Amino acid sequence: MKNFITLLLSLTLTAVMAQNKDTQKADELFERMAYSDAADAYKKLLKRGKGGRYVFAQLGNCYYQINDLKNAATYFKRVVKGRRVNPEVFYTYAQVLKASGKLSEHDLYMNKFADAKPEDSRAKAFLANPMGVAEMRDAFPAFDAINMSQLNSEYSDFGSALVGKDFYFTSSRNTTRKKYHWDDQPFLDVYKAEMVGTTIKNATLLEGDVNTKYHEGTVAVSPDGKRLYFDRNDYLDGKYVKDENGVNQINLYYSELVDGGWKGVYPVPFNNSEYSVGHPALSPDGSTLYFASDMPGGFGASDLYRVSVSEDGSFGTPENLGPSINTEGKELFPSVDRNGTLYFASNGHLGMGGLDVFQAETTGSNFGRPKNMGGGANSAGDDFAFVYDPETETGFVSSNREGGKGMDDIYQITPKIPPCDVILDITVVNAYTDEPLFGARVSLSDGSSERLSTIQTSEAGTGQITAACNTALSLSAQYIGFEPETMDIAPSGNGSMSKTLKLKPVEAIIVDDKIELETILFDYNKSDIKPQAAFQLDRLVEIMNKYPKLVVRVESHSDTQGEADYNRSLSQRRAEATVQYVVDQGIDASRISGEGFGEDQPLVDCGDNCTEADHEKNRRSEFIIVNE
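Anyway, here's the lowdown on the structure attached to this text. Every value quoted in this text rests on a predicted model; they were computed, and no experiment measured them. (Residues numbered from 1 in each chain as written. Predicted model: local features only at pLDDT ≥ 70, side-chain atom pairs only at ≥ 80, totals over all residues. Heavy atoms only, no water.)

## So, the overall build of the protein chain
Right, on to step 1. Secondary structure summary: the protein chain contains 12 helices and 36 strands in total.
Right, on to step 2. Taken over the C-alpha trace, the protein chain has a radius of gyration of 34 Å; the compact-globule value for 628 residues is 25 Å, which it surpasses by more than 25%.
Right, on to step 3. A principal-axis box enclosing the C-alpha atoms of the protein chain has dimensions of 115 × 60 × 45 Å.
Right, on to step 4. Taking the contacts inside the protein chain whose residues are at least 6 apart along the sequence as the reference set, 55% of them involve residues at least 24 apart.
Right, on to step 5. Summed over all atoms, the accessible surface of the protein chain reaches about 28900 Å², with 47% contributed by carbon and sulfur. (Helix = DSSP H or I, 4+ residues; strand = E, 2+ residues; numbered from the N terminus. Rg over C-alpha atoms; globule rule 2.2 N^0.38 Å. Contact = heavy atoms within 4.5 Å. Areas by Shrake-Rupley, 256 points an atom, 1.4 Å probe, with all protein chains shown as cover.)

Here's what the structure looks like:
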């Protein structure tokens, strides 16, 4: 699959082409997309001691393009340790790590990429949901995916177009073709199979004028069945055209149904020998043709476009689908269902693997925000060419995921019935300031010894966890410098709920909802604030200024010496003097109150046998946090 995709991408890779005398031969092989041969040439340079970061980066790119993730990681690792690393190297290496299941390392290099290119939409998507990849992989799969083993071969099979009982797809199984220098597989052809009952089988090479000795790819058939769009190497009427760099691009063509066969091959007017146009798809009424292209003026490596198709078959002017669909990465393989929903593959939006499948609902003349299609449709590998019929609730996706029969396989998909879920929208804040806590770790459990799920909060202090409904749950949040907090959640039905966990900063003088100060000393039988007491109360003022929502109650107590009524009155005066001092330092009077309890609440209940040490413990002021 990647051989055909990258033909459509004009080699927008991580390394900057910097040909020199030593690397010229290897670079020429790389530019021609002969990646296996290029890798061998670059490795020969290393053996001769003529390697460097450029050569290591090129080797990483070569192995990435032929899906050799182990070797790609080996060489990219040598590059990312240096200085002034191309941000795209960070990004590509992160994708290799993700596809290899190394999510912690993926996160590390995505953060480096985000630091280097903070305005990149891929960086923004990652920072908005840093645990997104893990969450998607842990989530309940959206689809069942069954390998169509009766159709797939040991070669590359991908792309699906079901028209009545005719099933069109692309394959490299035609061993009579020459082998392509990229992956040593035969050139691609269009095949047609038939649906027999519920099984698609009996694949044969598509008859007519569509297939040639070069690559032919995915197809789209008009609603009346009379026109077939397909992409092919820039090859028409026996002419094989290359761009100014010697690269043959992909172009878009169509053929007409004549006497039961596809006759004639006609190029669309927006083809160009300097860039690629391919991956055709049609709107339900056939009036709009969607396609992928790396033409100038796009947002990334390849973008999705649409163009109007008039009743007479002529075309309008191509229109880019815009930045909500297209990213700095690659958007490919569009399809549109009968309801107008757009499906496409992308490695620019946040996904589970290399290419992921996304959907965007129609919003009149445009499309809404893309949504990842979830597990089953997507995997840790490359998933693409997704087509779906919402009426029959069946569809197809192509993938190089583990466990396949060939390099790329076609899978039949059906939605999975989701379990009863409750969506927990979680916010973690500073208990005293309500400021969001970015990167707080929130865990979900159901009373068992193992955690069910763990997330990290976004910059807004928010995160989302999907949990089983009708189950007693517990949320816990942790953040460096703050006390952990736990919240019990009662069983609830299918739906969503919002929960806020308020974490208290670890302050040396805040213990168990009390502000602990040294003993506030008063002269005998007086309530004036002495300098030592003022010093301690200034610490209270500092805490209350730091946390402007803090409300405190001062509770003054006396020892048991003297008359009880007198002691109560004296402690009340001392509480009032304490409150007044704090208010005089600028604290709003509504945030602090005081009450004297006399000898009614002794800390040491020693009766008539109190020692002087007991009396000192009972003579105290306590500062109770009554509101946060």
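## Concerning the pattern of salt bridges
Right, on to step 1. Taken as a whole and judged by the stated rule, the model has 19 salt bridges.
Right, on to step 2. With a closest N to O distance of 3.1 Å, Arg-568 and Asp-600 form a salt bridge. Taken together, the residues span a long stretch of sequence, with Arg-568 in helix α11 (residues 564–584) and Asp-600 in the loop between β35 (592–596) and α12 (612–618) at a distance of 32 residues.
Right, on to step 3. One salt-bridge network, in which partners are shared between bridges, spans Glu-88, Lys-117, Asp-120 and Arg-122. (Salt bridge = Lys/Arg side-chain N within 4 Å of Asp/Glu carboxyl O.)

## Some details on a positive patch on the surface
Right, on to step 1. A surface patch of positive charge is lined by Lys-77, Lys-81, Lys-102 and Lys-112.
Right, on to step 2. With respect to the helices, strands and loops of the structure, Lys-77 is situated in helix α5 (residues 69–80). (Patch = residues over 30% accessible without salt bridge, like charges linked within 9 Å, V, L, I, M, F, W, Y side chains within 5 Å. Lys, Arg positive; Asp, Glu negative; His and termini not counted. Charge placed at Lys NZ, Arg CZ, Asp CG, Glu CD.)

## As for the environment of Glu-516
Right, on to step 1. Turning to its location among the elements, Glu-516 is positioned in the loop between β33 (514–515) and α10 (531–546).
Right, on to step 2. Classification of Glu-516 as partly exposed rests on a relative accessible area of 46%.
Right, on to step 3. A sequence separation of 296 residues divides Glu-516 from Ala-220, and the C-alpha atoms of the two residues are 75 Å apart. (Buried < 20%, exposed > 50% of the residue type's maximum accessible area, 1.4 Å probe, protein only.)

## Focus on the layout of surface pockets
Right, on to step 1. Put simply, the second largest pocket is a space of about 940 Å³.
Right, on to step 2. Contributing elements (two or more residues each) for the lining of the second largest pocket: β2 (157–163), β3 (166–171), β6 (216–221), β12 (277–282), β16 (331–336), β22 (383–389) and β23 (394–399).
Right, on to step 3. For the lining of the second largest pocket, the leading source of residues is β2, giving six residues.
Right, on to step 4. Split by residue class, the lining of the second largest pocket holds 23 nonpolar, 14 polar and three charged. (1 Å grid on protein atoms, 1.4 Å probe; cavity = no way out; pocket = protein on both sides within 12 Å on 5 of 7 lines; lining within 4 Å. Points joined across faces, edges and corners; volume = space filled by probe spheres on them. Nonpolar A, V, L, I, M, F, W, Y, C, P; charged D, E, K, R; others polar.)

## Some words on empty space enclosed by the protein
Right, on to step 1. One pass over the full model with this rule turns up three cavities of 30 Å³ or more.
Right, on to step 2. In this structure, the second largest cavity spans a volume of roughly 80 Å³.
Right, on to step 3. Considering the residues around the second largest cavity, the lining is formed by Tyr-91, Gln-95, Lys-98, His-106, Met-110, Arg-122, Ala-125, Asn-347, Gly-348, His-349, Leu-350 and Gly-351.
Right, on to step 4. Going through the elements one at a time, α6 (87–99), α7 (103–116) and α8 (121–128) are the ones with two or more residues in the lining of the second largest cavity.
Right, on to step 5. In terms of residue count, the dominant contributor to the lining of the second largest cavity is α6 (three residues).
Right, on to step 6. The class makeup of the residues in the lining of the second largest cavity is four nonpolar, six polar and two charged.

## Section: α5
Right, on to step 1. Spanning 12 residues, α5 covers 16 Å between terminal C-alpha atoms, matching the ideal 16 Å at 1.5 Å per step.
Right, on to step 2. For α5, the full list of buried residues reads Ala-72, Ala-73, Tyr-75, Phe-76, Val-79 and Val-80.
Right, on to step 3. In this structure, the buried side of α5 is in contact with α3 (35–47), α4 (53–65), α6 and α7. (Expected span 1.5 Å × (residues − 1).)

## Thoughts on the sheet that holds strand β10 (residues 250–258)
Right, on to step 1. Read from one edge of the open sheet, four strands run β6-β7-β10-β11, paired in antiparallel fashion. For this open sheet the edge positions go to β6 and β11 (261–267), each flanked by a neighbour on one side alone. Neighbouring strand axes in the sheet, compared pairwise and without regard to direction, differ in orientation by 30 degrees on average.
Right, on to step 2. In terms of strand pairing, strand β7 (residues 227–233) meets β10 through seven bridges, oriented antiparallel. The residue of β10 that forms the bridge with Arg-232 is Asn-251. (Pairing = 2+ DSSP bridges. Axes fitted to C-alpha atoms, helices over the stretch in contact; angles between N-to-C directions.)

## Some thoughts on the sheet that holds β12
Right, on to step 1. What the four strands build is an open sheet, ordered β12-β13-β14-β15; its pairing is antiparallel. Each edge of the open sheet carries a strand with a single partner, namely β12 and β15 (319–320).
Right, on to step 2. Where β12 meets strand β13 (residues 288–293), four bridges bridge the pair, whose relative direction is antiparallel. Bridge pairing in β13 links Ala-281 to Tyr-290.

## Observations regarding the packing of aromatic side chains
Right, on to step 1. In total, this model carries 33 aromatic pairs according to the counting rule given.
Right, on to step 2. Grouped by ring-pair contacts, the aromatic residues Tyr-229, Tyr-254, Tyr-266, Phe-270, Phe-291, Tyr-305 and Phe-315 constitute a single cluster.
Right, on to step 3. Positioned above the aromatic ring of Tyr-254, the side-chain terminus of Arg-227 is 3.8 Å from the ring centre.
Right, on to step 4. Above the ring of Tyr-253, the side-chain terminus of Arg-232 is found at 5.4 Å from the ring centroid. (Phe/Tyr/Trp six-rings, centres within 6.5 Å; stacked < 30°, edge-to-face > 60°. Lys NZ or Arg CZ within 6 Å of the ring centre and 35° of its normal.)

## Side note on the environment of Ser-593
Right, on to step 1. By the element assignment, Ser-593 lies in strand β35.
Right, on to step 2. In this structure Ser-593 comes out as partly exposed when scored by relative accessible area, which is 37%.
Right, on to step 3. For Ser-593 and Thr-454, which are 139 residues apart along the polypeptide, the C-alpha to C-alpha distance reads 41 Å.
Right, on to step 4. Residue contacts for Ser-593: discarding those within four places in its chain leaves Val-552, Arg-553, Val-554 and Val-579.

## Side note on the packing of α5 against α6
Right, on to step 1. For the pair α5 and α6, interaxial distance at closest approach is 10 Å and the crossing angle is 145 degrees. With respect to the hand of their crossing, α5 and α6 are arranged in left-handed fashion. Taken together, the residues of α6 that come into contact with α5 (itself represented by Leu-69, Ala-72, Ala-73, Phe-76, Lys-77, Val-79 and Val-80) are Val-89, Phe-90, Thr-92, Tyr-93, Val-96 and Ala-99.
Right, on to step 2. Counted by class, the contact of α5 with α6 contains 11 nonpolar, one polar and one charged residues. (Left-handed = near helix turned anticlockwise from the far one by under 90°.)

## Here we look at the side chain of Asn-372
Right, on to step 1. As for its position among the elements, Asn-372 is in strand β21 (residues 371–372).
Right, on to step 2. By relative accessible area, which is 14% here, Asn-372 ends up buried.
Right, on to step 3. Within the local environment of Asn-372, its side chain forms a polar contact with the side chain of Asp-356, the two groups lying 2.9 Å apart.
Right, on to step 4. Among residues more than four places away in sequence, those in contact with Asn-372 are Met-136, Leu-350, Gly-351, Met-352, Asp-356, Val-357, Phe-358 and Asn-378. (Polar contact = N/O pair within 3.5 Å; in protein donor to acceptor, adjacent residues only side chain to side chain.)

## A word on the pairing of strand β18 (residues 356–360)
Right, on to step 1. Burial analysis of β18 places five of its five residues in the buried class, the great majority of the element.
Right, on to step 2. Going residue by residue along β18, you find Asp-356, Phe-358 and Ala-360 tucked away on one face and Val-357 and Gln-359 tucked away on the opposite face as well.
Right, on to step 3. Judged from the five bridges that link them, strand β17 (residues 342–346) and β18 form a sheet pairing that is antiparallel. Looking at β18, one finds that Ser-346 is bridged to Asp-356.
Right, on to step 4. Relative to β21, β18 runs antiparallel, the two sharing two bridges. By the bridge assignment for β21, Gln-359 is matched with Lys-371.

None of this, on its own, says anything about what the molecule does.
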